Amino acid sequence: MKALITGINGFVGSHLAEHLLEQQIEVAGTIRNHSTLQHIRHLLPDIHLYECELRDPQAVEQMMIEVRPDLIYHLAAQSFVPVSWDSPAETMINNILGQIHLLEAVRKLGLSSKVLIACSSEEYGQVEEDEVPVKETNPLRPISPYAVSKIAQNYLGYQYYKTFGQHIIRTRTFNHTGPRRGEQFVTSNFAKQIVEIEMGLKPPVLYVGNLDAQRDFTDVRDVVRAYRMALQYCEAGEIYNIASGQCHEIREVLQTLLGYSTATITIEEDKSRLRPSDVKVLVGDYSKFHKQTGWKPEISFEQSLEDLLRYWRTELA
Ligand SMILES: Nc1nc2c(ncn2[C@@H]2O[C@H](COP(=O)(O)OP(=O)(O)O[C@H]3O[C@H](CO)[C@@H](O)[C@H](O)[C@@H]3O)[C@@H](O)[C@H]2O)c(=O)[nH]1
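Definitions and cut-offs
Residues numbered from 1 in each chain as written. Predicted model: local features only at pLDDT ≥ 70, side-chain atom pairs only at ≥ 80, totals over all residues. Heavy atoms only, no water. Buried < 20%, exposed > 50% of the residue type's maximum accessible area, 1.4 Å probe, protein only. Helix = DSSP H or I, 4+ residues; strand = E, 2+ residues; numbered from the N terminus. Pairing = 2+ DSSP bridges. pLDDT = per-residue confidence, 0-100. Near = heavy atom within 4 Å. Polar contact = N/O pair within 3.5 Å; in protein donor to acceptor, adjacent residues only side chain to side chain. Areas by Shrake-Rupley, 256 points an atom, 1.4 Å probe, with all protein chains shown as cover. Nonpolar A, V, L, I, M, F, W, Y, C, P; charged D, E, K, R; others polar. Domains from an automatic or database assignment. 1 Å grid on protein atoms, 1.4 Å probe; cavity = no way out; pocket = protein on both sides within 12 Å on 5 of 7 lines; lining within 4 Å. Points joined across faces, edges and corners; volume = space filled by probe spheres on them.

## As for the pairing of strand E2 (residues 26-31)
Most of E2 sits inside the fold, with five of its six residues counted as buried. The pairing of strand E1 (residues 2-6) with E2 spans five bridges and is classified as parallel. If you follow Leu-4 over to E2, its bridge partner there is Ala-28. With five bridges joining them, E2 and strand E3 (residues 47-51) adopt parallel strand pairing. Bridge pairing in E3 places Gly-29 opposite Leu-49.

So this is what it looks like as structure tokens:
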């Protein structure tokens, strides 16, 4: 069994590679040209690596001719919501075109690969209070260009399933965190600032954005287990929420992280961190996925945040 992970050097990609290798699955992955390889250096002897720009259809087709994967985990994307306001066109091109080229290569080469498309809870957007925890059938009311790009990825997956019978499964993953989380995302950003303060690398002021938002966090190690199970057990053409079902204010993320530190820290709002529109509340109902696979999260919110802090303490040491 051979798996292809697009964006293998990313936060989720690197954890998924580790997990699939543990399951004795052969792993290939794509990186962008001149990628740092920071998250997968330790895996290099065990994986096949392809420098492949997904925006280039020929490069994608050539890579797919060489890999011919049984399983495809399509993770590569521009995944930071604020960047999608600064560069909406880039976000659309990256996220939509890359996927079209991938699915077109599957079609042209006549492959029967099972494909997982990593969609997002951001697609739900403006969720009403009486709609939580949200089910897959909830209306989509996107309020960021990123969310729109993920809806396009989602429906392209559906269309290729319907039109060409490709074995496509879409997962709507809610927020996820844990070691290696990119430093721009809230959990990691706060954790890194705390560690920088502990180490005297910056003054004892921690900058924050909107602390009122509420999100549903799952540990990345639970998420990659879910992705593996999705291609093992889920039905082609379907979409599944992957979530913890628990809601946390961003203020609580901050308080939990601060609780693991003895440093004295002042909190200050940084207006540049506020978004033109911010999803107020996202909590997911993952019962459809649980019913199909038996999956449920195993790593607690607190454990995940503690591991993230430990990660930064090691990185910055
Ligand atoms: N990044 C960031 N967010 C902050 C900060 N302060 C408050 N927030 C708030 O924290 C929440 C989470 O922000 P992010 O961690 O940037 O994640 P996200 O926008 O919810 O998107 C993540 O989850 C999606 C799934 O719902 C993913 O699809 C997406 O790629 C990303 O991982 C948002 O409401 C944001 O306004 C800050 O200093 N930095």
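## What about the confidence of the model for the protein chain?
Taken over all residues, the pLDDT of the protein chain has a mean of 98, while the share at 70 or more is 100%. For this predicted complex, the interface score ipTM comes out at 0.99, while the overall pTM is 0.98.

## Observations concerning the site of the ligand
Taken together, 24 residues sit near the ligand, with Ser-79, Ser-120, Ser-121, Tyr-146 and Asp-278 positioned nearest. Residue Arg-275 places a side-chain N or O atom 2.6 Å away from an oxygen atom belonging to the ligand. With the chains in place, 96% of the 710 Å² that the ligand exposes on its own is no longer accessible. Class assignment of the residues belonging to the shell around the ligand gives a composition of 10 nonpolar, eight polar and six charged. Structurally, the shell around the ligand is a two-domain feature, drawing no fewer than three residues from each of domain 1 (2-176 + 218-242) and domain 2 (179-215 + 246-281 + 299-315).

## So, the layout of surface pockets
Roughly 180 Å³ of volume is contained in the second largest pocket. As for the second largest pocket, its lining consists of Gln-126, Val-127, Glu-128, Glu-129, Val-132, Asn-210, Asp-212, Ala-213, Gln-214, Lys-280 and Val-281. Tallied by class, residues from the lining of the second largest pocket come to four nonpolar, three polar and four charged. Residue contributions to the lining of the second largest pocket reach at least three from each of two domains, namely domain 1 (2-176 + 218-242) and domain 2 (179-215 + 246-281 + 299-315).

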